[in-house]
Amino acid sequence: MAPVHSPKAPAKPAANPQEGNGHSANGNGAEQFYSVGQSPLRVDARDKVTGQTQYADDLHFTGLLHGAIRCSDHPHAKVLSIDTSAAEAMEGVEAVLTAKDIPGENQIGIIFNDQPLLCDGHARWYGERIAVVAARDPRVARRAVAAIKVEYEPLPGAFSPEEALADGAPKIHESNILDTMHVRRGDTEKGFAECDVVIENIYRVNYQEHAYLETQGCVVVPGYGGSMTIHTSCQCPFYVQKGVKTILGKQASQIRVLQSPTGGAFGGKEDYPTEPAACAALLAWATGKPVKMIYQREDDVEWSSKRHRMAIYHRIGASKDGTIKAVHLKVLEDVGAYGGLSTVVADRANISSIGPYNVENIHVDTYCVYTNNLFGGAFRGFGAPQVTFAHESAMDKLAGELTMDPIALRKKNGFREGDTMASGQPIPGRVPLIESIDDATTLANWEARRAEYDAHNATNPLVRKGLGAAAIIYGVNLHAGGEYINRSGAHMRINEDGSVNISIGLTEMGQGLLTAAVQMAAEALGISHELVYCNQIDTALVPDSGPTVASRATIMSGFPLVDAAKKLRRTLFHRAGEMLNMPADDFDLANGKFFSKKKGLSAGALLDYMDVVGACFAKRENLTEVGWYRTPDQPWDKATGQGIAYHSFAFATQIADVEINTASGQIDVKNFYCAHDVGRAINPNMVTGQIEGGVVQGMGWGIMEELHLREGKALNPGFTDYLIPTSLDAPKIHVKLLEDPTVAGPFGIKGIGEPSLIPAASALANAISHATDHHFTELPITPERVLMALAGVDQKMLEPAVSMSW
Amino acid sequence: MTSHSVETYVANPVEDFIRAESIEQALEVRAKFGSECYPLVGGTDLLVLMRAGRWSPRVILDLSRIPGFADIRQTDSELVFGAGATAADCLANEFIRTNFPAMYKSCAWLGGPQIQNAGSLGGNMATASPAGDTVPCVIALEGTVVLKSKRGERTVSAEEFAIRPRKTVMEEDELIAEIRVPLANLASDPRGFQPDAMKVPKLHTVVPRPPFGSGGAPDSWMTNDFLKAGPRLAQVISIVSMAGFVEMSGPRTVKRLRLAFGCAGPKTMMGKSASAVVEGKELTEELIEEAVRAVQQDITPLSDVRGTAEYKRMLCSNYARLFLQDVGGFKLTGTRKASETLA
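Draft legend 1. The interface of chain A and chain B, seen in detail. Each partner contributes to the interface: chain A provides 52 residues, whereas chain B provides 46 residues. For the pair chain A and chain B, the summed buried area comes to about 4000 Å², and 60% of that belongs to carbon and sulfur atoms. Our count for the contact surface shared by chain A and chain B stands at two salt bridges. In this structure, A:D721 and B:R306 form a salt bridge, with 2.6 Å as the shortest nitrogen-oxygen distance. Connecting chain A to chain B are 14 residue pairs in polar contact (both at pLDDT 80 or more). Elements with a minimum of two residues in the side of chain A that touches chain B: α3 (138-147), β6 (149-154), α8 (297-303), β26 (648-661), β27 (667-679) and α19 (783-790) of chain A.

Given below as structure tokens:
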């Protein structure tokens, strides 16, 4: 099928990524910062800690109804009939709707038009929605969906990419291959011929559930003229707007989406919240009443997206001195029943699959394959953690074969300034990869510890110790495939009392964006952050600024804020010039004081910010501005994976320190040593917090989180048996921030949300391999996998039903 | 083919919630409502089942406020736990800490602080889940369960109390009043008390005890311990647990061994074959391995989302080995190959 948004390759060459408001702090050459680089308390901390925050489920409206969803009882089936009579007859039920009731287009796919909101007769997974119900009581709504009778004709299913690709596999869609991506550089055949050592492995990684504290939820309130106001826990309100307008056949202007305070998202509220919101909107449209839709935990785990399961066929070769000569990969992504964001996740996996290393000869094929499993989507790291597990595990294995230290092998091949990414683009700016490796190894005391652990393990049969490292290159912001939505806007308004309202097009979801935006706006304008208030995103207030994903939120809200502040400063400087009879272009404003740009602030303040604001109001000047930013173009050749994949790159190294109980396989993660290139930390405390959170979430995926599926059905959809780390399990996390504010982002920032997680599981895997002397090729490395490896039992997590040749 | 039953995750309404003021009142309610009445103390298991729609009692009988129901006391011959005693109550009891480390550890590793404050020993026993962590401790030390009803009182051995998951010998009108453990099995370990071993250990392993002092081992001594495997350190249902109790007649000579395994079968499973291997003999590394293999004869674990049967089998044997190595003062070792253990 045809993509809805087909990003066309721009004809003109890439613009200089350093262009724009880039380097200089507030765009006015100021050297000293007053807000940026500080760690003020999060603006939302007090409310959240004291329980005052009103999440979606806390909102109440007169006449409120509660929605519930009925899903398929089979992973793959024709739906022959739906009998809703028993549900309709229940006291308190106000609407029972199926596909035939949809007034607009029954289509909810975000990139591909492959997914109906309500089943069109072909159920492709257990999460296929058959019907929706609205009732006055949420319990009645849930009982009503259970009372709907559905007749099926079950079809054979495909439950792994290998099964779905086999001859005679059940057809889930027209073709079971959704899309393919490639990287082609050099000549791998020639490259492997030059190798002294070649290693091959199939790496397999399992799903990860986002496990945000607040489940998916929204309230939809009908307004005048058929409009809808949607309060939703989400990352991307403009996605929700687009999805709902399609289902209801409305205009975007009629669908207003207000993000309700969001209790965690991690990618799980990128595309998915559109689906419950569209269901609730449909019910609100049918009943004319407000409808609330809140998921129970089990629903949430079974129906919302997961980190993709992938199989990575990996071959890497090197010469005796450790120079990597060639890498050949085949990546199989288990899409699930519908495309969702799978192709863009695969884009990042595809181009990140080599790691931060110079390799001349590269051959990567990435296949996005439909199955009847639950569907993969965005999750912190977006395809990169999966391939990182492959390349970082292979690096340690390769180091072993070469009898080299794993760190030495990484440093030998690691990117330095002027090197070229797998995408063929020179890496712009400084490349602090080696610095991050050195900092992490120094923090961990690598050489002495590795030797100490080797000696310990030789004499201690019960408890073994291990130290393992992983390094990454991370492409900040959207991949070239997302260029067409890579822009953002912000509003900035100075009020008569000097306070400032800002509205940004990206979302606070727990990561601290509101606080960072306030700090950046204050710095850009030149006033105290205590004067700035950032509105929670509202589609009626700001232009579509793209999704809050890809560690882009701080960058993409920072740029337009700086732009808006520049425009406001022009007005303020003009007014100040009139007041003092000075040229407007000699003014600067920092920390609330106007001073001469030529003479500097040390020569004395000329005017106070409040006086100039007062003068502007007296003269009835416009103190409301819109800032705008669009990223430079990203030309891209899909067939070879060559072009401008990303405009800036961040580097990181993490080292894990573990102990293993060889009687039970239990793993104690004792320490994590993390060195992250962040460009500049707007709020160092929050950046450190992001890294700590990323490490623990990555650790969960690495050693304990395992969603078991039986023919597409989740067997452990609750927190009783889907285990995420507790505070007791968290290691000591030692963080070193590498600041190098010369990069493309506003104030020199890079993203940190995703790079904090990406290396964690891989570092753990290498530490566990060091402790046990066993090369693990499957995640999660649970106590069971550790013990069975030690006990010499070959245990495959995802046994491919059909073997595939390269 | 039509639809399956759909789990609603909506608790069905309860007709009545009765908070008993006395054991007599509780027994009246129990006699009146029988199986339609579900007694609870903390509700840490029942409320989860009710929410899932898998259990729909007509009446909930709250036992948590009965005076004395949570007391832990000693008679001349027994340590007596009121059925309402919580894990937190056990953790606050000095005698349990020093003389019943198995029970202390099972309580310290159970759930998290909220669960420890609410869940009771009586509830753990009555739920009859093979994963109930305190149950193997009671069974290993030959504990008993005291059942009361309006008809009177009876005592059954804890080992025979559970029949299969969620099914016990308790009649519909009965309540668990007490759990008792003989003081004769609770003599303190002469090797000394190990406060470090009492903390939630990150690796859930045995902290080896010091060897006997200069006087050597007494002629007769005993000890008990508890081990549990889970992928994380709190709020985790055991993959396998083991409570071990041993009575010795010399430094390494075993008089009596009782190994009780959780999650290794439909109820707590007793490692009787291992006991037969070592009883009356002096522990050697070879004998321990024989016992470790014998454990396999008495367990029937199933594969589920928490682990495969093979993994659970390996854990049972490895835990038996650790316990016996510690008792015999041998160097602690990890797993052996599955081919050596499961054969």
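Draft legend 2. Quick peek at empty space enclosed by the protein. All names here are of chain A. By the definition in use, this model includes eleven cavities of 30 Å³ or more. Considered as a void within the structure, the largest cavity measures approximately 170 Å³ in volume. Together, 18 residues line the largest cavity, and N477, I555, Y629, H647 and A744 are the ones closest to its centre. Looking at the lining of the largest cavity element by element, the count peaks at three residues for helix α15 (residues 553-580). Residues belonging to the lining of the largest cavity are distributed by class as follows: eleven nonpolar, seven polar and no charged. Residue contributions to the lining of the largest cavity reach at least three from each of two domains, namely domain 1 (21-38 + 487-630) and domain 3 (310-480 + 637-790). Each pocket or cavity is described by its volume, and for the second largest cavity that value is around 130 Å³.

Draft legend 3. Representation of a nonpolar patch on the surface. Residues A:M579, A:L580 and A:L606 make up a contiguous nonpolar surface patch of about 220 Å² in total accessible area. Among the residues examined, A:M579 registers a relative accessible area of 36% and is labelled partly exposed.

Draft legend 4. The arrangement of the environment of A:V183 in detail. Residue and element names in this part refer to chain A. Examined against the element boundaries, V183 turns out to sit in strand β7 (residues 177-185). Relative accessible area serves as the criterion here: at 1%, V183 is assigned to the buried category. Separated by 93 residues in sequence, V183 and P276 have C-alpha atoms that sit 37 Å apart. Residue contacts for V183: discarding those within four places in its chain leaves N350, I351, I362, H363, V364, A422, T640, G641 and Q642.

Draft legend 5. Region of interest: the side chain of A:T548. All names here are of chain A. Mapping T548 onto the fold places it in the loop between β19 (532-535) and α15. A distance of 2.8 Å separates a polar atom in the side chain of T548 from the backbone nitrogen of T507. Other than its neighbours up to four places away in sequence, T548 contacts Q235, C236, L506, T507, M509, Q511 and A553.

Draft legend 6. Region of interest: the nonpolar core. Among the nonpolar cores identified, the biggest contains 167 residues, and A:M492, A:L572, A:F594 and A:F672 are the most heavily contacted of them. Setting aside anything within four residues of it in sequence, one finds A:F594 in contact with A:L572, A:F573, A:A576, A:F587, A:D588, A:L589, A:A605, A:L606, A:L607, A:D608, A:Y609 and A:V612. Formed by 54 residues, the second largest nonpolar core is a distinct cluster that contains B:C107, B:V135, B:L175 and B:A243.

Draft legend 7. Geometry of the domain arrangement of chain A. All names here are of chain A. For chain A, the assigned domains are domain 1 (21-38 + 487-630), domain 2 (56-155 + 210-303) and domain 3 (310-480 + 637-790). The interface of domain 2 with domain 3 comprises 27 residues on the first partner and 26 residues on the second. Taking both partners together, domain 2 and domain 3 bury about 2400 Å²; carbon and sulfur atoms supply 63% of that area. Here domain 2 and domain 3 share one salt bridge between them. Between E302 and K713 there is a salt bridge, and its shortest N-O distance comes to 3.2 Å. Between domain 2 and domain 3 we count nine residue pairs in polar contact (both at pLDDT 80 or more) in total.

Draft legend 8. Representation of the sheet that holds β27(A). All names here are of chain A. The sheet built from four strands is open, its strands ordered β16-β26-β27-β30 with mixed pairing. Each end of this open sheet is capped by a strand with a single partner; those strands are β16 (463-476) and β30 (732-739). Pairwise comparison of adjacent strand axes, ignoring direction, gives a mean angle of 10° for this sheet. Sitting on the sheet, helix α12 (residues 433-444) is in contact with β16, β26, β27 and β30, with an inclination near 25° to β26.

Draft legend 9. Looking closely at the packing of helix α10 (residues 384-401) of chain A against helix α11 (residues 406-413) of chain A. Residue and element names in this part refer to chain A. Remark: α10 packs on α11, axes separated minimally by 8 Å, with the N-to-C direction vectors making an angle of 110°. In terms of their interaxial angle, α10 and α11 are classed as roughly perpendicular. In this structure, α10 meets α11 at a crossing whose hand is right-handed. From α10, E392, M395, D396, L398 and A399 reach across to α11, where they touch P406, L409 and R410. When its residues are assigned to classes, the contact of α10 with α11 shows five nonpolar, no polar and three charged.

Definitions and limits used
Residues numbered from 1 in each chain as written. Chains lettered and ligands numbered in written order. Predicted model: local features only at pLDDT ≥ 70, side-chain atom pairs only at ≥ 80, totals over all residues. Heavy atoms only, no water. Contact = heavy atoms within 4.5 Å. Buried area = accessible area lost by both parts, 1.4 Å probe. Salt bridge = Lys/Arg side-chain N within 4 Å of Asp/Glu carboxyl O. Polar contact = N/O pair within 3.5 Å; in protein donor to acceptor, adjacent residues only side chain to side chain. Helix = DSSP H or I, 4+ residues; strand = E, 2+ residues; numbered from the N terminus. 1 Å grid on protein atoms, 1.4 Å probe; cavity = no way out; pocket = protein on both sides within 12 Å on 5 of 7 lines; lining within 4 Å. Points joined across faces, edges and corners; volume = space filled by probe spheres on them. Nonpolar A, V, L, I, M, F, W, Y, C, P; charged D, E, K, R; others polar. Domains from an automatic or database assignment. Patch = residues over 30% accessible without salt bridge, like charges linked within 9 Å, V, L, I, M, F, W, Y side chains within 5 Å. Areas by Shrake-Rupley, 256 points an atom, 1.4 Å probe, with all protein chains shown as cover. Buried < 20%, exposed > 50% of the residue type's maximum accessible area, 1.4 Å probe, protein only. Core = buried A, V, L, I, M, F, W, Y, C linked by side-chain atoms within 4.5 Å. Pairing = 2+ DSSP bridges. Axes fitted to C-alpha atoms, helices over the stretch in contact; angles between N-to-C directions. Parallel < 35°, antiparallel > 145°, perpendicular 65-115°, else oblique. Left-handed = near helix turned anticlockwise from the far one by under 90°.

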